[in-house]
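Here's the letter readout for the chains.
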There are 2 protein chains.
Amino acid sequence: MKHVFKQKSPLKQFVSELLSGNTVTLARAITLCESQKTADRKKANDLLQEILPHTGRSLRIGITGSPGVGKSTFIDAFGKSLTSFGKKVSVLAIDPSSAKTKGSILGDRTRMEELSKDPLAFIRPTATGNSLGGVADKTREAILLCEAAGYEIIIVETVGVGQSETTVRGMVDFFLLLQLAGAGDELQGIKKGIMEMADGLVITKADGENEKRARQAQTEFQHALHLFQPSELGWTPKVLTCSALEKKGIDEIWKLIEAFHSFTTKNKSFQKNRDRQNLSWFHESIDSLLKRNIFQSSKHSTKIKSMEKKISSGKIMPSLAAYEILKMLLK
Amino acid sequence: MKHVFKQKSPLKQFVSELLSGNTVTLARAITLCESQKTADRKKANDLLQEILPHTGRSLRIGITGSPGVGKSTFIDAFGKSLTSFGKKVSVLAIDPSSAKTKGSILGDRTRMEELSKDPLAFIRPTATGNSLGGVADKTREAILLCEAAGYEIIIVETVGVGQSETTVRGMVDFFLLLQLAGAGDELQGIKKGIMEMADGLVITKADGENEKRARQAQTEFQHALHLFQPSELGWTPKVLTCSALEKKGIDEIWKLIEAFHSFTTKNKSFQKNRDRQNLSWFHESIDSLLKRNIFQSSKHSTKIKSMEKKISSGKIMPSLAAYEILKMLLK
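Residues numbered from 1 in each chain as written. Chains lettered and ligands numbered in written order. Predicted model: local features only at pLDDT ≥ 70, side-chain atom pairs only at ≥ 80, totals over all residues. Heavy atoms only, no water.

Novice: Can you explain the interface of chain A and chain B? Please cite residues and give values.
Specialist: At the interface, 60 residues of chain A touch 60 residues of chain B. Across the chain A to chain B interface the summed buried area is about 5400 Å²; carbon plus sulfur atoms make up 69%. One can count four residue pairs in polar contact (both at pLDDT 80 or more) joining chain A with chain B. When contributions to the side of chain A that touches chain B are tallied by element, the ones reaching two or more residues are α3 (38-51), α7 (132-148), α9 (210-226), α11 (269-295), α12 (298-312) and α13 (318-329) of chain A. With 15 residues, the top contributor of residues to the side of chain A that touches chain B is α11(A). (Contact = heavy atoms within 4.5 Å. Buried area = accessible area lost by both parts, 1.4 Å probe. Polar contact = N/O pair within 3.5 Å; in protein donor to acceptor, adjacent residues only side chain to side chain. Helix = DSSP H or I, 4+ residues; strand = E, 2+ residues; numbered from the N terminus.)

The following block contains the structure:
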């Protein structure tokens, strides 16, 4: 990352290129923020602080769904529908598994064939990092950079692994769950807690013989969602169906998100939610920095491992073990 | 707490009284563990370490439900049914609101009229503390003390406030959600995430004219639960109805819990779950001790408040603000 801020393009020049929507600059800015080097981190912080006043103006949409639900096809069709209204759309991804596989989710640009050729769209393969927390920070920063570059809709995609949905839910305005139709008990199980985080649920592949089953699933899910309290935003989640193949139901999804946006803007929960998210980001960052600084010592982690063994074999109370660890840390 | 370990009853004597099931000693032991004094804490730790080998042999049941669902009446009837088989039952409670009201949940012993007179039952008003974390630790310790005193069923009751259900879920083997019958949209909303934590759901007040509606609700909830994946334990939650008034359906709930116990013992998830809970307890204790030690300085908390203001007004990136805080902490 030596030449990010070259002699001829110091920070100010770089920022002005970014603000003008230069996608090469945007891509380089994201790469800079992803870098693990200390010097790059300093540059990244300066850059982010500089663009901060130009952020926050997009609608941030999180999209999740199990493998096989047709996520790429859906985002391809949904994104194209948005760019057809003249909207600038960017697609980011959080994929915790990519730390090992080096990017399984968006590695292949051909996954979104139409959208990737669209000049109004910016698709970025998933950030890599050592931990979900690290990946989350980088994605949050990428959202801000895309906003500074003028993208109006930011889609954050996640594959349902581990805690990734909760992480994405914490950085978007609207959270969309994609689900396949099935019947009764055949409905594939939804990971615990996911359905309750959704602002909208879409039954995908509602075409051909599948359409009737999709309508049934729609009714069932809408009914199940009624069992829950409305979210803190006061919004009651809706269930829709769509066929990315036949391009049916895509516009309705955008209308739903627009309705959500105007509803939450009116009752002021939109901004409140973002404020809450920023404060959580702050406190999560303190926690993870603290832990990284304290637990990186191998002496400490050996001691913690040995305490865990003692706890598992019933030799020490967990709270007492924690007290012992703290005495060591504060020495 | 001066006279807990008197000249005539040093630790060993106290422990042997506790192990023999002396309820006065048990009550004093719980009070000792609840004390905020440093000297008492040291005694409490010695005591807990001493009784540790005699713990773990009970079935720990968490019970939650909104106010009005008939929780006290249910626990009274359920507890009596257990003592009628000769089981020793203890009832503890977590009520985060009690930090302010000094115990709203179990303050009144007459709430469980029958059970409180039963020699096989031990009812303990809720622990008080400055934080949910503190209350949780004390309740976990009370569970261990009750087990050492020979109680075979420990009921941990919580009123659905804040994060208290998650806290209770983290310390019990079986989590029971009580719910009132309603119809369709009238079903009162369930707090997000609660239904997905339940191992069993009971529709209360299924008597008289309400019985039919209770059966309908049973079907609806059982259907909704099918939408979720089975828990890590491999167990699929069941929905039952009961009337504490007419003493109907109470035995079935105990049979369900017994079925759960034998199912999870067979597939070994019962012990795995307890091991996981102990390790979480350990790590949560480290976190909370760390935070208490670091953030108790008023200088630090002033700085954090001022950073929060800057974040809310969009003047600094949350991650950058966290970095600034850490620099200060590690100085």
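Novice: For the pattern of salt bridges, give the residues involved together with the corresponding values.
Specialist: All names here are of chain B. Tallied over the full model, the rule gives 28 salt bridges over all chains. The partner of Glu-34 in a salt bridge is Arg-124, and the shortest N-O contact between them spans 3.2 Å. With Glu-34 in helix α2 (residues 23-34) and Arg-124 in the loop between β3 (121-123) and α7 (132-148), this residue pair connects regions lying 90 residues apart in the sequence. Glu-34 sits in the buried class, given a relative accessible area of 18%. Taking the relative accessible area as the measure of exposure, Arg-124 reaches 13% and is therefore buried. Between Lys-248 and Glu-211 there is a salt bridge, with its nearest N and O atoms 3.4 Å apart. One end of the pair, Lys-248, is in the loop between β7 (238-241) and α10 (250-266); the other, Glu-211, is in helix α9 (residues 210-226), and 37 residues separate them in sequence. A relative accessible area of 35% places Lys-248 in the partly exposed class. (Salt bridge = Lys/Arg side-chain N within 4 Å of Asp/Glu carboxyl O. Buried < 20%, exposed > 50% of the residue type's maximum accessible area, 1.4 Å probe, protein only.)

Novice: Report on helix α2 (residues 23-34) of chain A, specifying residues and quantitative values.
Specialist: Residue pairs spaced three or four apart in an α-helix point in one direction, given the helix's 3.6 residues per turn. Residue and element names in this part refer to chain A. Between its first and last C-alpha, α2 extends 16 Å over 12 residues, near the 16 Å set by a 1.5 Å rise per residue. What α2 keeps buried is the set Thr-25, Leu-26, Ala-29, Ile-30, Leu-32, Cys-33 and Glu-34. The N-capping residue of α2, defined by a side-chain oxygen 2.9 Å from the backbone nitrogen of Val-24, is Asn-22. (Expected span 1.5 Å × (residues − 1).)

Novice: Tell me about the relation of the copies chain A and chain B, and please be specific about residues and values.
Specialist: Superposing chain A onto chain B takes a rotation of 180° plus a shift of 0.0 Å along the axis, which leaves an RMSD of 0.1 Å. In the structure described here, the two chain copies are related by an operation that fits a two-fold rotation axis. Interface residue correspondence from chain A to chain B reaches 100%, placing this contact among same-surface, isologous pairings. (Least-squares fit on C-alpha atoms with pLDDT ≥ 70 in both.)

Novice: Break down the nonpolar core for me, citing the residues and quoting the values.
Specialist: One broad trend across soluble globular proteins is that nonpolar side chains are buried collectively. Ranked by internal contacts, the top residues of the largest apolar core, which has 134 residues, are Leu145(A) and Leu145(B). Excluding residues that lie within four positions of it along the chain, Leu145(B) makes contacts with Leu18(B), Leu26(B), Ala29(B), Ile30(B), Cys33(B), Leu47(B), Leu48(B) and Ile51(B). (Core = buried A, V, L, I, M, F, W, Y, C linked by side-chain atoms within 4.5 Å.)

Novice: Summarise the pairing of strand β1 (residues 59-65) of chain A; cite the residues concerned and give the values.
Specialist: Residue and element names in this part refer to chain A. Counting buried positions along β1 yields seven of seven residues, so the element is predominantly enclosed. The alternating pattern of β1 places Leu-59, Ile-61, Ile-63 and Gly-65 on one face and Arg-60, Gly-62 and Thr-64 on the opposite face, and all of these are buried. Looking at chain direction, β1 and strand β4 (residues 153-159) are connected through seven bridges and run parallel. Each residue of the ladder has a partner; that of Leu-59, found in β4, is Ile-153. Taken together, the four bridges between β1 and strand β5 (residues 174-180) define a ladder with parallel strand orientation. Its bridge partner being in β5, Ile-61 is matched across the sheet by Phe-174. (Pairing = 2+ DSSP bridges.)

Novice: Tell me about the confidence of the model for chain A, and please be specific about residues and values.
Specialist: Residue and element names in this part refer to chain A. Per-residue confidence for chain A gives a mean pLDDT of 84, with 85% of residues at or over 70. By mean pLDDT, helix α5 (residues 98-101) is the weakest element of chain A at 41, and helix α10 (residues 250-266) is the strongest at 96. Below a pLDDT of 50 lies the segment residues 98-108, which in the model reaches 27 contacts outside its immediate sequence neighbourhood of four places, other chains included. Per-residue pLDDT stays below 50 along residues 183-188; that stretch engages in 10 contacts with residues further than four places along the chain or on separate chains. (pLDDT = per-residue confidence, 0-100.)

Novice: Which residues make up α9(B), and what values do they have?
Specialist: Residue and element names in this part refer to chain B. An ideal rise of 1.5 Å per residue puts 24 Å on 17 residues; α9 measures up with 24 Å between its terminal C-alpha atoms. Along α9, the residues classified as buried are Asn-210, Ala-214, Ala-217, Phe-221, Gln-222, Ala-224 and Leu-225. An end-on view of α9 places all buried positions within 160° of arc, on one side of the element. Turned more than 90 degrees from where α9 packs its buried face, Lys-212 and Thr-219 sit exposed. Next to the buried residues of α9 lie β5 (174-180), β6 (200-204) and β7. (Arc of directions from axis to C-beta.)

Novice: How would you summarise the packing of aromatic side chains if you had to cite specific residues and measurements?
Specialist: For the coordinates displayed, the defined rule picks out 10 aromatic pairs over all chains. On the basis of an interplanar angle of 80° and a centroid distance of 4.9 Å, the ring pair of Phe174(B) and Phe260(B) is categorised as edge-to-face. Note that Phe174(B) is positioned in strand β5 and Phe260(B) in helix α10, a separation of 86 residues in sequence. Taken together, the ring pairs connect Phe174(A), Trp235(A), Phe260(A) and Phe263(A) into an aromatic cluster. Lys238(B) extends its terminal NZ or CZ atom over the ring of Trp235(B), reaching a point 4.6 Å from the ring centre. (Phe/Tyr/Trp six-rings, centres within 6.5 Å; stacked < 30°, edge-to-face > 60°. Lys NZ or Arg CZ within 6 Å of the ring centre and 35° of its normal.)

Novice: Quick rundown of the side chain of Asp137(B)? Include the residues and the values.
Specialist: All names here are of chain B. In this structure, Asp-137 sits in helix α7. Judged by relative accessible area, which is 19%, Asp-137 ranks as buried. Ignoring any residue separated from it by four or fewer positions in sequence, one finds Asp-137 in contact with Trp-281 and Ser-285.

Novice: Account for the environment of Trp235(A), naming residues and giving values.
Specialist: Residue and element names in this part refer to chain A. The topology assignment puts Trp-235 in the loop between α9 and β7 (238-241). The class of Trp-235 is buried, set by a relative accessible area of 7%. Between the C-alpha atom of Trp-235 and that of Phe-260, which follows or precedes it by 25 residues, the distance is 7.3 Å. When neighbours within four sequence positions are excluded, Trp-235 is seen to be in contact with Phe-174, Asp-199, Pro-230, Leu-256, Ala-259, Phe-260 and Phe-263. Reaching out from Trp-235, the side chain makes a polar contact with the backbone oxygen of Asp-199 at a distance of 2.9 Å.

Novice: Quick rundown of the packing of α11(A) against helix α11 (residues 269-295) of chain B? Include the residues and the values.
Specialist: The interhelical angle for the contact between α11(A) and α11(B), taken along N-to-C directions, is 100°, at an axis separation of 12 Å. Regarding the angle of α11(A) to α11(B), the classification is roughly perpendicular. Residue-level contacts link Ile286(A), Asp287(A), Leu290(A), Lys291(A), Ile294(A) and Phe295(A) of α11(A) to Ile286(B), Asp287(B), Leu290(B), Lys291(B), Ile294(B) and Phe295(B) of α11(B). The residue inventory of the contact of α11(A) with α11(B), partitioned by class, reads eight nonpolar, no polar and four charged. (Axes fitted to C-alpha atoms, helices over the stretch in contact; angles between N-to-C directions. Parallel < 35°, antiparallel > 145°, perpendicular 65-115°, else oblique. Nonpolar A, V, L, I, M, F, W, Y, C, P; charged D, E, K, R; others polar.)

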